[in-house]
Amino acid sequence: MGGPVEELRTTQQISWLDDLDERGVIINPNHELYGKSIAGTELHFPSASGSTVGSDRIVNLAVHGFAPKRIVLGRTDPITMWGAILGKVDIEVEGTVPKAVDRSKLEKLGIDAEIVDFLVRAGGLLGTDEFIPVDQVQIAGVSYKTITETGLELRRYFGSKYKFRSKNVTINPAGMDLEDWQEQGIPEAFARKQEEVIEIYRKMGAIPTITCTPYLIGSMPAPFTDAFLSESSVVGFANSVLGVRTNRESGLSTLLYAIAGYGPRYGLHLPENRNPRVEVHVTCELKGVVEFSLLGYKLGELVRGRIPYITGIRSRPTLEEFKVLSAAGAASGSIDLYHIQDITPEATAQLIALDKIEETVEISRESLNEVKKKLNTGKVEDLDLVTFGCPHASLTEVQEIASLLAGKRIRAGVKLWVCTSRAVKELSTKLGYVATVEAAGGNVVADTCMVVAPIEEMGYRTTATNSGKAAKYLPRFCHQHVVFDSAEEIIRRVVE
Ligand code: F3S
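The rules we used
- Residues numbered from 1 in each chain as written.
- Predicted model: local features only at pLDDT ≥ 70, side-chain atom pairs only at ≥ 80, totals over all residues.
- Heavy atoms only, no water.
- 1 Å grid on protein atoms, 1.4 Å probe; cavity = no way out; pocket = protein on both sides within 12 Å on 5 of 7 lines; lining within 4 Å.
- Points joined across faces, edges and corners; volume = space filled by probe spheres on them.
- Helix = DSSP H or I, 4+ residues; strand = E, 2+ residues; numbered from the N terminus.
- Nonpolar A, V, L, I, M, F, W, Y, C, P; charged D, E, K, R; others polar.
- Expected span 1.5 Å × (residues − 1).
- Buried < 20%, exposed > 50% of the residue type's maximum accessible area, 1.4 Å probe, protein only.
- Salt bridge = Lys/Arg side-chain N within 4 Å of Asp/Glu carboxyl O.
- Core = buried A, V, L, I, M, F, W, Y, C linked by side-chain atoms within 4.5 Å.
- Contact = heavy atoms within 4.5 Å.
- Near = heavy atom within 4 Å.
- Sits in = over half its atoms within 2 Å of the grid points.
- Domains from an automatic or database assignment.
- Pairing = 2+ DSSP bridges.
- Axes fitted to C-alpha atoms, helices over the stretch in contact; angles between N-to-C directions.
- Buried area = accessible area lost by both parts, 1.4 Å probe.
- Polar contact = N/O pair within 3.5 Å; in protein donor to acceptor, adjacent residues only side chain to side chain.

### Notes on empty space enclosed by the protein
And step 1. Scanning the model with the defined rule gives 3 cavities of 30 Å³ or more in all.
And step 2. Surrounding the largest cavity, 22 residues form its lining, Asn172, Glu231, Cys449, Val452 and Lys469 being those nearest its centre.
And step 3. Every element with two or more residues in the lining of the largest cavity is listed here: helix 8 (232–242) and helix 17 (468–477).
And step 4. When grouped by side-chain class, the residues that make up the lining of the largest cavity number 12 nonpolar, 8 polar and 2 charged.
And step 5. In this structure, the second largest cavity encloses a volume near 60 Å³.
And step 6. If you go around the second largest cavity, the residues you meet are Cys284, Glu285, Leu286, Phe292, Gly312, Ile313, Arg314 and Ser315.
And step 7. Here the lining of the second largest cavity is composed, by residue class, of 4 nonpolar, 2 polar and 2 charged.

What follows is the structure, encoded as structure tokens:
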């Protein structure tokens, strides 16, 4: 019943985390659909970019009556698909007919009938009836800020019925430091909800790593094995740097696959889908996390869903440079896999075919400078929060920031967080780095980060970061003005 459904079309990807508000209105001024509401429409778009908690955002929109009536995707996109499946929104991939999946095969694997229903639906949309054992899983959608009450309700439901059949289930950062949330200034009501989310995952059998860099604390599958990862920066890092085979799963798909113990084999699990489609030639020397963040950000803007083959990088990036490159590329576009000539494993082992490359584009120093300018929306004199560790800081990064702060004092009115995993924080405490940061007036904050903590609710308005991913999400998702620069430069300008 009802009148005709309005059709909305865009050739641009949609980032469910920060392109629209909670009433379904597009708030990204650079988006073709800026100012339009997607509520109740038939929405045609290529695929989702950015955050893997996008599925939760779709479910939230659906629960509150602001979701599209129908979604037509240009290509397979698990983030949007799983949001639509769990939010009961009609969805199709343009020009495809859902694959028939034999549910009896899944039932014979001992999977609960309710979960089988979800897998049959997902397999149909993803175009596969092959399901493989799921051993290594990283679940995003842990911060109460990102999943909201709707997401908590969903997890309460699944947590009350199921345990994970998968063995190695790790989880993403939460919305607060679970031990020092009061000192961090987190509102108590938020903290209680957050504790409940973590408790649900723990009871289901997750390992409470609570970090977006599980690969820095010993949790990562072996090269050329299949994994199901739903932290977008981990997806890029695992596929590209470690040679692991994973799609950019959604927080909800990994939850369901970990319950089932099986997941669909499609997309980047298949070697033939890992070939690059576009060559990106970098014409300048790059060094440091800011420059590699800028490269990732620009890549994401340029290649839009295609796998890039990067040439012109002459020296091997450091672990930290790979980390930020992967994070920024996933956030600004949807880069789940990149190859770097003579550097990344599939490129060096010549496991990829280069004859599928459709075009070559260049990235110059000027284009990176333009990105840097665009990401800087705030003023240093207005800073009230300085943050490092997106993705979560390595031990080396904590040590570097401690040395930059040694013997100095952060000016009054400015908080400084070095965000990292609990494991790295503990080691940093033993090595004296935490004491040095604290002596300067800063904090090493574990389990959380500047994006998924409720910083806007805590009164922060201008935040500094050296991460392209954080600089992407802070403006619209956290309502921050952003100062984006190197740790050296930011610290130089906020210490007395
Ligand atoms: Fe990790 Fe938060 Fe950045 S989850 S990748 S530190 S936005």
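### Some words on helix 11 (residues 319–332)
Given 3.6 residues to a turn, an α-helix orients residues that are three or four positions apart in the same direction.
And step 1. Between its first and last C-alpha, helix 11 extends 20 Å over 14 residues, near the 20 Å set by a 1.5 Å rise per residue.
And step 2. Summarising burial for helix 11: 13 of the 14 residues are buried, a large majority.

### Concerning the pattern of salt bridges
And step 1. Summed over all chains, the structure comprises 38 salt bridges.
And step 2. A salt bridge links Arg248 to Asp336, with the shortest nitrogen-to-oxygen separation between them at 2.9 Å. One end of the pair, Arg248, is in the loop between helix 8 and helix 9 (251–260); the other, Asp336, is in the loop between helix 11 and strand 12 (339–340), and 88 residues separate them in sequence. This pair shows no difference in class: Arg248 is buried, exactly as Asp336 is.
And step 3. For Lys372, the salt bridge identified is with Asp485, shortest N-O distance 3.3 Å. Placement of the pair is Lys372 in helix 13 (residues 365–375) and Asp485 in the loop between strand 18 (481–484) and helix 18 (487–494), with a sequence separation of 113 residues.
And step 4. The partly exposed category is assigned to Lys372, whose relative accessible area is 25%.

### What to know about the nonpolar core
And step 1. If you look at the biggest cluster of nonpolar residues, it comprises 138 residues, and the most contacted ones within it are Trp16, Phe158, Phe164, Leu255 and Val451.
And step 2. Among the elements that make up this core, the one with the highest residue count is helix 10 (residues 288–303) (8 residues).
And step 3. Discounting chain neighbours no more than four positions away, the residues touching Val451 are Lys145, Ala470, Tyr473, Leu474, Phe477 and Cys478.
And step 4. In this structure, Val398, Ile410, Ala440 and Ala487 belong to the second largest nonpolar core, which totals 26 residues.

### Remarks on unusual backbone geometry
And step 1. Backbone torsion omega between Cys390 and Pro391 reads -10 degrees, so that peptide bond is classified as cis.
And step 2. For Thr148, which is not glycine, the phi dihedral falls at a positive 60 degrees.
And step 3. Mapped onto the secondary structure, Thr148 falls in helix 5 (residues 144–161).
And step 4. In the Ramachandran plot, Asp447 falls in the positive-phi region, its phi being about 75 degrees despite a non-glycine side chain.
And step 5. Structurally, Asp447 is set in the loop between strand 16 (443–446) and strand 17 (462–465).

### So, the site of the ligand
And step 1. Inspection of the region around the ligand gives Pro173, Cys212, Glu231, Ser233, Gly389, Cys390, Pro391, Cys449, Val451 and Lys469 as its neighbouring residues.
And step 2. Among the detected pockets, the ligand sits in the largest cavity.
And step 3. Partitioned by chemical class, the residues of the shell around the ligand number 6 nonpolar, 2 polar and 2 charged.
And step 4. Residues from two domains meet in the shell around the ligand; each of domain 2 (126–261) and domain 4 (376–494) gives at least three.

### Some thoughts on the sheet that holds strand 11 (residues 308–311)
And step 1. As summarised here, the arrangement of the 4 strands in space is 12-11-10-13, forming an open sheet in which the pairing is parallel. Both outer strands of the open sheet, strand 12 and strand 13 (359–363), are each paired with one neighbouring strand and no more.
And step 2. Of the strands in this sheet, strand 10 (278–282), strand 11 and strand 13 are in contact with helix 10, which crosses strand 13 at around 145 degrees.

### Comments concerning the domain arrangement of the chain
And step 1. Split by domain assignment, the chain resolves into domain 1 (7–97), domain 2 (126–261), domain 3 (275–373) and domain 4 (376–494).
And step 2. For domain 2 versus domain 4, the separation of C-alpha centres amounts to 24 Å.
And step 3. Contacts between the two partners involve 27 residues from domain 2, matched on the other side by 28 residues from domain 4.
And step 4. Both sides of the domain 2 and domain 4 interface together cover about 1,900 Å² of buried area, and 56% of this is carbon and sulfur.
And step 5. Counting the surface domain 2 buries against domain 4, the share from its top three residues, Lys145, Asp177 and Gln184, is 29%.
And step 6. Seen at the junction of domain 2 and domain 4, the total is 5 salt bridges.
And step 7. Here Lys425 ties to Asp180 by a salt bridge, and the two come within 3.5 Å at their closest N and O atoms.
And step 8. Between the two partners, domain 2 and domain 4, sit 15 residue pairs in polar contact (both at pLDDT 80 or more).
And step 9. Class assignment for the residues of the side of domain 2 that touches domain 4 results in 12 nonpolar, 9 polar and 6 charged.

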